[in-house]
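For reference, the chains in residue letters:
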Amino acid sequence: MDATLKCQGKFSINWTYLNAIASGVSAIDLGGLALRNQHDAREFVREYGFDIDNPHARQVIARAHGEALDFICSTFLTPDQAALIPKEVSMPQDPLDLLVFASLHGNEQVELRRMWSCSVLKVMHGIFYIDNNLKLRYFNIIREQVFASLDEVIREEEGHHYLSDGEICLPLLHYDRKNNKSRGSILLKLLQKAAYLAADIFDHLGVRLIFNTRFECLLALRTLQRAHVISVTNVDSQRTRNTLLDMEAAKEIFSKYRCMLEAANGYPAELLEKMDAELMAISAPQTRADNPHSGAGFNSIQVTVRKMIHVPSDDPKAMGPDYDIGFFFEYEIQLMDKASHGRTLEGPASHDAYKKRQVETARLRVLGRELIRYIEAQPAIRAA
């Protein structure tokens, strides 16, 4: 083999594509691929993880293509807008065609075909991440073990829920339990996240605990810590957000009323409300919010907890941790007071408004500005 720089064609560099690889740009933010022909597309698919000559692999790709189209049409487009998708993209003769289409530049029709192909491929990429995430394959086992720990401290009696570590017992106004994030919700969240990894979705499972006052949220945090449901070793510090409590101000108020709390007979609801009023008067705003889609006025303590999950071996004779499949799974505990929870029911802090902002972000990243401008410029669309 002799060293050489001679090429069969023009010696060129795709600066946009190589810069994306070198700089860590997400695949969802690319406007095209850099595949020259079907041979390149075949090699791309092989390195991606599919043997295109295997009929089963083709079926998997075809299902993902159909699901991606359905998701785009139902989430980002009206029926009239969905009709603009070229037939070559919606019903390609070969799945490799989409990869080639996403790489070609030319006249208006070629450019539109490239943009639509890119949009579909981006969503397919997210679908493949979901389908090949091992943690989601063991989801039923994960859910059982996560909620087994939470059920030890969250009890129900006569239709009311309580949080208890076996000593103090806090009454809950509401207890919301997220048993599973829907497939569509997972995909939407992937498409609006820069990281674009299914492993980075931390709220597949979780609970929201609503108390009357912010001070009870602080006491709930203490209760969860004393019950060892959360600790400094199993909390993801990068994913924990506190937009509810000024901890220094809470410490000051707690110190002032500690003796009265200890001497109280029964549950001191009125005292806790008084403490809350004084807390609000001296608290600094808690504005740390890493989620750009959280609306103004959304206040909570959100703790992402790592739970070690054990998947039993298929071998009934195998026992003990050496024979387990073990991994950490992260789920979310959210603490809110009554007033903060009320703001989530309407306005910019509501869940509906939050989802709308997610859809807008994902739509822009999947379709791109140029394709959105084209869609909105069509006369039939304006009249719809």
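Scope of this entry: the structure provided in the associated data block. Quick caveat, the model's predicted, so the values are computed rather than measured. (Residues numbered from 1 in each chain as written. Predicted model: local features only at pLDDT ≥ 70, side-chain atom pairs only at ≥ 80, totals over all residues. Heavy atoms only, no water.)

Describing the overall build of the chain
When you go through the chain residue by residue, the secondary structure sums to 17 helices and eight strands. Across the 384 residues of the chain, 45% fall into the buried class. Of the contacts made within the chain by residues no fewer than 6 positions apart, 76% connect residues no fewer than 24 positions apart. (Helix = DSSP H or I, 4+ residues; strand = E, 2+ residues; numbered from the N terminus. Buried < 20%, exposed > 50% of the residue type's maximum accessible area, 1.4 Å probe, protein only. Contact = heavy atoms within 4.5 Å.)

Observations regarding the packing of aromatic side chains
Scanning all chains against the criterion turns up seven aromatic pairs. With 6.4 Å between their ring centres and 75° between their planes, F139 and F329 make a pair best called edge-to-face. Note that F139 is positioned in helix α9 (residues 139-151) and F329 in strand β8 (residues 325-337), a separation of 190 residues in sequence. One exposure class covers both F139 and F329, and it is buried. Positioned over the ring face of F147 is R177, at 3.7 Å from the centre of the ring. (Phe/Tyr/Trp six-rings, centres within 6.5 Å; stacked < 30°, edge-to-face > 60°. Lys NZ or Arg CZ within 6 Å of the ring centre and 35° of its normal.)

Observations concerning the packing of helix α7 (residues 108-131) against helix α16 (residues 369-377)
Two quantities define a packed helix pair, namely the angle between the helix axes and the distance between the axes. Where α7 meets α16, the axes come as close as 10 Å, and the angle between the chain directions of the two elements is 115°. On the basis of the axis angle, α7 is roughly perpendicular to α16. The hand of the α7/α16 crossing is left-handed. Residues E108, L112, R114, M115, W116 and S119 of α7 touch α16, and the partners they reach there are E370, L371, Y374 and I375. Counted by class, the contact of α7 with α16 contains six nonpolar, one polar and three charged residues. (Axes fitted to C-alpha atoms, helices over the stretch in contact; angles between N-to-C directions. Parallel < 35°, antiparallel > 145°, perpendicular 65-115°, else oblique. Left-handed = near helix turned anticlockwise from the far one by under 90°. Nonpolar A, V, L, I, M, F, W, Y, C, P; charged D, E, K, R; others polar.)

As for a nonpolar patch on the surface
There is a patch of nonpolar side chains on the surface, built from I13, W15, L18 and I21 and spanning about 470 Å² of accessible area. A residue is classified by how much of its surface remains accessible, and L18, at 45% relative accessible area, is partly exposed. (Patch = residues over 30% accessible without salt bridge, like charges linked within 9 Å, V, L, I, M, F, W, Y side chains within 5 Å. Areas by Shrake-Rupley, 256 points an atom, 1.4 Å probe, with all protein chains shown as cover. Salt bridge = Lys/Arg side-chain N within 4 Å of Asp/Glu carboxyl O.)

Comments concerning the pattern of salt bridges
Charged atoms that come close allow side chains of opposite charge to pair. A full pass over the atoms with the stated rule returns 18 salt bridges. Notably, a salt bridge pairs R306 with D236, separated by 3.9 Å at the nearest N-O pair. Of this pair, R306 sits in strand β7 (residues 301-311) while D236 sits in the loop between α11 (214-226) and β6 (241-242), and the two are 70 residues apart along the sequence. You can call D236 buried: its relative accessible area is 10%. E262 is paired through a salt bridge with R258; the nearest N and O atoms lie 3.5 Å apart. Here E262 and its partner R258 are both found in helix α12 (residues 247-263), four residues apart, which amounts to about one turn of the helix. With a relative accessible area of 60%, E262 lands in the exposed category. Each of E43, R46 and E47 takes part in salt bridges that share partners, so that together they form one network.

Some details on the nonpolar core
Most often, soluble globular proteins have nonpolar side chains that are buried together. Within the largest apolar cluster, 97 residues are counted, with the highest numbers of intra-cluster contacts made by I333 and L367. Not counting residues within four places of it along the chain, the set of residues in contact with I333 comprises L150, V207, L224, V229, I230, I301, Q302, V303 and V305. (Core = buried A, V, L, I, M, F, W, Y, C linked by side-chain atoms within 4.5 Å.)

Describing the environment of A62
Along the chain, A62 turns up in helix α3 (residues 55-75). The class of A62 is partly exposed, set by a relative accessible area of 46%. Distance in space between the C-alpha atoms of A62 and M124 is 9.8 Å, their sequence separation being 62 residues.

A look at the side chain of D276
Its location among the elements puts D276 in helix α13 (residues 269-282). Despite its burial, D276 pairs with no opposite charge, the nearest such side chain being R214 at 5.3 Å. Reaching out from D276, the side chain makes a polar contact with the backbone nitrogen of F215 at a distance of 3.0 Å. The residues contacting D276, other than those within four sequence positions of it, are T213, R214 and F215. (Lys, Arg positive; Asp, Glu negative; His and termini not counted. Polar contact = N/O pair within 3.5 Å; in protein donor to acceptor, adjacent residues only side chain to side chain.)

Overview of the pairing of strand β5 (residues 206-211)
Judged by how many residues are buried, β5 sits mostly within the fold: five of six residues are covered. With five bridges connecting them, strand β4 (residues 174-178) and β5 associate as antiparallel partners. Paired with R177 across the two strands is V207, which belongs to β5. Looking at chain direction, β5 and β8 are connected through six bridges and run parallel. Along β8, the bridge assignment pairs R208 with Q334. (Pairing = 2+ DSSP bridges.)

Considering the sheet that holds β6
Sheets are built from strands that pair by backbone hydrogen bonding, the pairs being arranged parallel or antiparallel. Strand order in this open sheet of five strands is β4-β5-β8-β7-β6, and the pairing throughout is mixed. In this open sheet, the two strands that pair with only one neighbour each are β4 and β6. Those strands touched by α9 are β4, β5, β7 and β8, and its axis lies near 120° from that of β7.

A word on the sheet that holds strand β2 (residues 160-164)
On the basis of which strands lie adjacent, the open sheet formed by three strands has the order β1-β2-β3 and antiparallel pairing. The open sheet terminates on both sides in strands that have one partner only, identified here as β1 (154-157) and β3 (169-171). Pairwise comparison of adjacent strand axes, ignoring direction, gives a mean angle of 35° for this sheet. In the sheet, β2 pairs with β3 via three bridges, with the strands oriented antiparallel. Across the sheet, the residue bridging to Y162 is P171, located in β3. Sheet strands in contact with α11 are β2 and β3, and its direction is about 140° off that of β3.

Function-wise, these values are silent; they only describe arrangement.
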